[in-house]
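What follows is each chain in one-letter form.
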Amino acid sequence: MVVKQVIEPTLDSVFLADSYGYRPRKSALDAVGVTRERCWKYDWVLEFDIKGLFDNIDHELLLRAIRKHVTCKWALLYIERWLTASMVQEDGTTIERSRGTPQGGVVSPILANIFLHYAFDLWMVRTHPDFPWCRYADDGLVHCHNEQEAQALKAELQTRLAECRLEMHPTKTKIVYCKDTKRKGVYPNVKFDFLGYCFRPRLVKRFRDNTLFCGFNPAVSPSAMKAMRSAIRELKLRHQTQLSLEDIARRLNPLLRGWIEYYGRYAPSALYPLLRHVNQMLVAWVRRKFKRFTDHKIQASQFLQRLAAERPDLFVHWRLGMIGTFA
């Protein structure tokens, strides 16, 4: 962390505006927002992923990039030692390393950023200045006018990454058509996931006349929804009848607050199935907690509905008016 704090001001001033990952004053939501606007302007997206970035960064190329900007000798010494330190396996065997950054190290993201600054960011500015791009660590997008541009760029980028001793992920890299009302073409790929959001054609209400049209917009992705449901199940709250409802709220609210703040930025209504799942979990808890509701699901739902109206501050989604249904 000390080394990160020493080198970050220098390196961050070097990075380009469309590099969003693990940087001060930049966030994943910033990247989602700029991608949303660009998908309205450009018909095609090349979604690329670098296979095992943190495990495969070449030390020679990385140190060349770092030494260009970092002059602090002791910081450089520590970085070199961390990079080349042997890795001990679970069975006790030792593996010498010539590539990859320290696993889980707080300094690894900024090392990856400076590597990709030269491997991708500056290369894009130099070779394709007319194509807007956005990168968050090893996940990136490039916007193109047509499919031919996207196909050509994919081949060029694959070659470029190979020159930098990296590999484009074969299945996570794809070309996507940003289909909406005005774009009439029929293509196999019309959606992509980026930073927990799924971009795809969606029905959107036009503000000026309340009519519906098809827009290409982000909302919480199915995989993110699945992960959030799994996190709730792992708490096993519906069986913990020794707790009070206030105890349940204290455990759930930090999770709900973070999810709503992040995934509720764009298309918050897409979160309603998750919030309904939370409410149903509360109904199940009430039926186990109170004997009078054991065989009366509807009454348990009505009890919680009244409670949400009387005490909307108890759960985060109730407080925001996202109460939904308990049935």
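The coordinates are above.
The structure presented is a predicted model; accordingly, all values stated were derived computationally and were not measured. (Residues numbered from 1 in each chain as written. Predicted model: local features only at pLDDT ≥ 70, side-chain atom pairs only at ≥ 80, totals over all residues. Heavy atoms only, no water.)

A. Examining the overall build of the chain more closely. Across its full length, the chain holds twelve helices and nine strands. Buried residues in the chain amount to 47% of all 327 residues. In the chain, 65% of the contacts between residues at least 6 apart in sequence involve partners at least 24 apart. Summed over its atoms, the accessible surface of the chain is roughly 17200 Å², and 53% of this surface lies on carbon and sulfur atoms. A distance of 8 Å separates the average location of the 51 positive side-chain charges in the chain from that of its 34 negative side-chain charges. (Helix = DSSP H or I, 4+ residues; strand = E, 2+ residues; numbered from the N terminus. Buried < 20%, exposed > 50% of the residue type's maximum accessible area, 1.4 Å probe, protein only. Contact = heavy atoms within 4.5 Å. Areas by Shrake-Rupley, 256 points an atom, 1.4 Å probe, with all protein chains shown as cover. Lys, Arg positive; Asp, Glu negative; His and termini not counted. Charge placed at Lys NZ, Arg CZ, Asp CG, Glu CD.)

B. Representation of the sheet that holds strand β6 (residues 174-177). Taken together, the four strands give an open sheet; going across it, the order is β4-β5-β1-β6, and neighbouring strands pair in antiparallel fashion. The strands lining the two open edges of the sheet, one partner per strand, are β4 (133-136) and β6. Sheet twist, expressed as the mean angle between neighbouring strand axes with direction ignored, is 20°. Across four bridges, strand β1 (residues 44-49) lies against β6 in antiparallel orientation. Pairing of W44 across the sheet is with Y177, part of β6. The strands touched by helix α2 (residues 28-41) within the sheet are β1, β4 and β5 (139-144), with β4 carrying the most contacts at an inclination of about 155°. Across the sheet, helix α7 (residues 147-163) is in contact with β1, β5 and β6; its angle to β1 comes to roughly 20°. (Pairing = 2+ DSSP bridges. Axes fitted to C-alpha atoms, helices over the stretch in contact; angles between N-to-C directions.)

C. Structural detail: the side chain of R160. One can find R160 in helix α7. Among the residues examined, R160 registers a relative accessible area of 16% and is labelled buried. With residues up to four places along the chain from it excluded, the contact list for R160 reads Y118, A119, W123 and R126.

D. Structural view of helix α8 (residues 222-235). In this model α8 runs 20 Å from its N-terminal to its C-terminal C-alpha over 14 residues, within 8% of the 20 Å that 1.5 Å per residue would give. Looking at α8, one finds that the buried residues are A224, M225, M228 and I232. Take α8 and look down its axis: the buried residues cluster within an arc of 105°, on one side only. Counted as exposed and oriented over 90 degrees from the buried face of α8: P222, K226 and E234. Against the buried residues of α8 lie β9 (212-220), α9 (245-263) and α10 (272-289). (Expected span 1.5 Å × (residues − 1). Arc of directions from axis to C-beta.)

E. The arrangement of the packing of α10 against helix α11 (residues 297-310) in detail. It is at 9 Å that the axes of α10 and α11 come closest, and there the two elements cross at 115°. Judged by the inter-axis angle, α10 sits roughly perpendicular to α11. Where α10 crosses over α11, the handedness of that crossing is right-handed. Contacts between α10 and α11 involve N279, L282, V283, V286 and R287 on the former and, on the latter, K297, A300, S301, F303 and L304. For the contact of α10 with α11, a count of residues per class yields six nonpolar, two polar and two charged. (Parallel < 35°, antiparallel > 145°, perpendicular 65-115°, else oblique. Left-handed = near helix turned anticlockwise from the far one by under 90°. Nonpolar A, V, L, I, M, F, W, Y, C, P; charged D, E, K, R; others polar.)

F. Structural context of the sheet that holds β9. The three strands lie next to each other as β7-β8-β9, forming an open sheet whose pairing is antiparallel. Among the strands making up the open sheet, the edge pair consists of β7 (192-194) and β9. The average angle at which neighbouring strand axes cross in this sheet is 50°, direction not considered. Here nine bridges tie strand β8 (residues 197-205) to β9, and the two strands are oriented antiparallel to one another. Looking at β9, one finds that L203 is bridged to C214. Contacts from α8 reach β7, β8 and β9 within the one sheet, and its direction differs from that of β9 by about 45°.

Honestly, that's just the spatial picture; any functional story needs more than this.
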